[in-house]
Amino acid sequence: MLSLQVIRDQRQEVIDRLKIRQVDATELIAKIIRLDDVRRESQQQMDALNAQGNALAREIGALFQVGKAGEAKPLKEQTGELKIRSKEAEAAMEQARKELEELMILLPNLPHPSVLTGTSAEDNEIVFEEGELPDLGSAALAHWDLGKQYRIIDFALGTRIAGAGFPVYQGKGARLQRALINFFLDQALDAGYSEIQPPYLVNAASGFGTGQLPDKDGQMYHIPEEDLYLIPTAEVPVTNLYRDVILKPQDLPIRHVAYSACFRREAGSYGKDVRGLNRLHQFDKVEIVQITGPDQSYAALEEMREYVTGLLRKLEIPFRIVKLCGGDISFTAAMTYDMEVYSAAQKRWLEVSSVSNFESFQANRMKLRIREETGRMLPAHTLNGSALALPRMVAAILENNQTPEGIRVPDVLIPYAGFDLIS
RNA sequence: GGAGAGAUGGCCGAGUGGUCGAAGGCGCACGCCUGGAAAGUGUGUAACCGCCAAAAGUGGUUCAUGGGUUCGAAUCCCAUUCUCUCCGCCA
């Protein structure tokens, strides 16, 4: 969430920046400031009453010490009244604080000034494109057909065991998955990321910290008995490693990589978007996460974008980079690049990575801060990106690399897979 | 799952009703000492929310969390969460 201080001090700037998202927050912000005023007023009342009460308690204590308990009686009577009024002020303060909190979490992150105003994916900006789009001719099979033909992905079997959206990878399909995971992890290690194996279930506080809760409540699987959520991405547990943490400048930047399975309910998805591997309830992903100081986060974002670009090049799949417009950027992000690969049989671009800078939006929710040498507290900035999500990458590899002899494994994966052809 | 013990500052640990945001130690910061370092030594060292233009200062809150008793709670009572030990079960 945004900090109250920023909202108060740079009110017009905040309103203007939210217009990039086509959000008019004028009224909401006015309400927020009004509630904050109420909260402060109530607190001042409560503080003054408590101060009086504390002073009286000290006097009474002093009287008891010198054995003049009798003289304490009239003082005691005064404290009752103070206590009641203090409770009232506290209740008013809590009420205002609660309402304030409810409004604060309605405000999305401020888009970076360079983000284009827009309403939907139509307005996104293609900032980079590389690779020849293969023309496979009409005989080309989509990955779901290839998966069946070579017996490497069985969707029907997954449906029987769990349901739609839970494919079973078999034989070389399973080994290709493992090869990709290990390749991605090794690449990240080489680039200076340290590896984390996170829990796959998280509590509500973690879900709130990274912004999945309460806004995207319905997108996560929830286990009511324990009140835990299955992670939709390793971003959630890995970023929350630093919830309620105060970092020192020398700790920065923090760079982590984590493989995890990811679980998403994907309620409301349908049609060609969910065909085959395009959208699943469970999938594998390697995620990179960075925590930086406020002045370094955009340099880190570009570095992460470059890093993911390098992965796509090594896998030899045509790709493009899309900078999301204000209308398409997520609630929590200030700037996002989507990385899309071209899946030649489906003839469509598939998003395999989303690299975002959240600035201090998540950090404010998580109470993640940096204490400078001078003692001053700064908000930390958090970033993350897929590096990469497997299923659509697998779809593109299968489709683009199909030959009459079989599916050619990209060179960089051969040492990991242990074979060079799926036939 | 059953029985018991516990939760205090960055860490260890004292504290069973007032003068306690909290002894002592470690760590850390700055100084002294030193040719330099170690040792020694001195001082300082929580967060959050207010007031103040800001600094200084100052009010309030916080000893797992939430409630209660009391003029006054780290300390007493209740609930919850978590940790540890033993037993059971188990990859």
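Residues numbered from 1 in each chain as written. Chains lettered and ligands numbered in written order. Predicted model: local features only at pLDDT ≥ 70, side-chain atom pairs only at ≥ 80, totals over all residues. Heavy atoms only, no water.

Considerations on the domain arrangement of chain A
For chain A, the domain assignment lists domain 1 (4–104) and domain 2 (121–422). Measuring from the centre of the C-alpha atoms in domain 1 to the corresponding centre in domain 2 gives 44 Å. (Domains from an automatic or database assignment.)

Considerations on the protein's contact with RNA strand B
The environment of RNA strand B is formed by 19 residues, the closest being Arg-39, Gln-43, Asp-47, Arg-369 and Arg-371. If you look at RNA strand B and keep only atoms within 4 Å of the protein, 67% of those are sugar or phosphate atoms. Here a base nitrogen of RNA strand B and a backbone polar atom of Ala-57 are 2.9 Å apart. If you list the elements that add at least two residues to the surface near RNA strand B, you get α3 (26–65), α4 (73–104) and β14 (369–371). Of the residues belonging to the surface near RNA strand B, the class tally is 5 nonpolar, 7 polar and 7 charged. (Near = heavy atom within 4 Å. Polar contact = N/O pair within 3.5 Å; in protein donor to acceptor, adjacent residues only side chain to side chain. Helix = DSSP H or I, 4+ residues; strand = E, 2+ residues; numbered from the N terminus. Nonpolar A, V, L, I, M, F, W, Y, C, P; charged D, E, K, R; others polar.)

Looking at the packing of helix α7 (residues 172–190) against helix α10 (residues 297–314)
Packing of α7 against α10 leaves a shortest axis separation of 11 Å and a crossing angle of 135 degrees. Of the possible angle classes, the one that applies to α7 and α10 is oblique. Seen along the crossing, α7 lies across α10 with a hand that is right-handed. Contact residues: Phe-183, Phe-184, Gln-187 and Ala-188 in α7; Tyr-307, Leu-311 and Lys-314 in α10. Grouping the constituent residues of the contact of α7 with α10 by class yields 5 nonpolar, 1 polar and 1 charged. (Axes fitted to C-alpha atoms, helices over the stretch in contact; angles between N-to-C directions. Parallel < 35°, antiparallel > 145°, perpendicular 65-115°, else oblique. Left-handed = near helix turned anticlockwise from the far one by under 90°. Contact = heavy atoms within 4.5 Å.)

Digging into the environment of Glu-77
As for its position among the elements, Glu-77 is in helix α4. Glu-77 gets classed as exposed once you look at its relative accessible area, which sits at 60%. (Buried < 20%, exposed > 50% of the residue type's maximum accessible area, 1.4 Å probe, protein only.)

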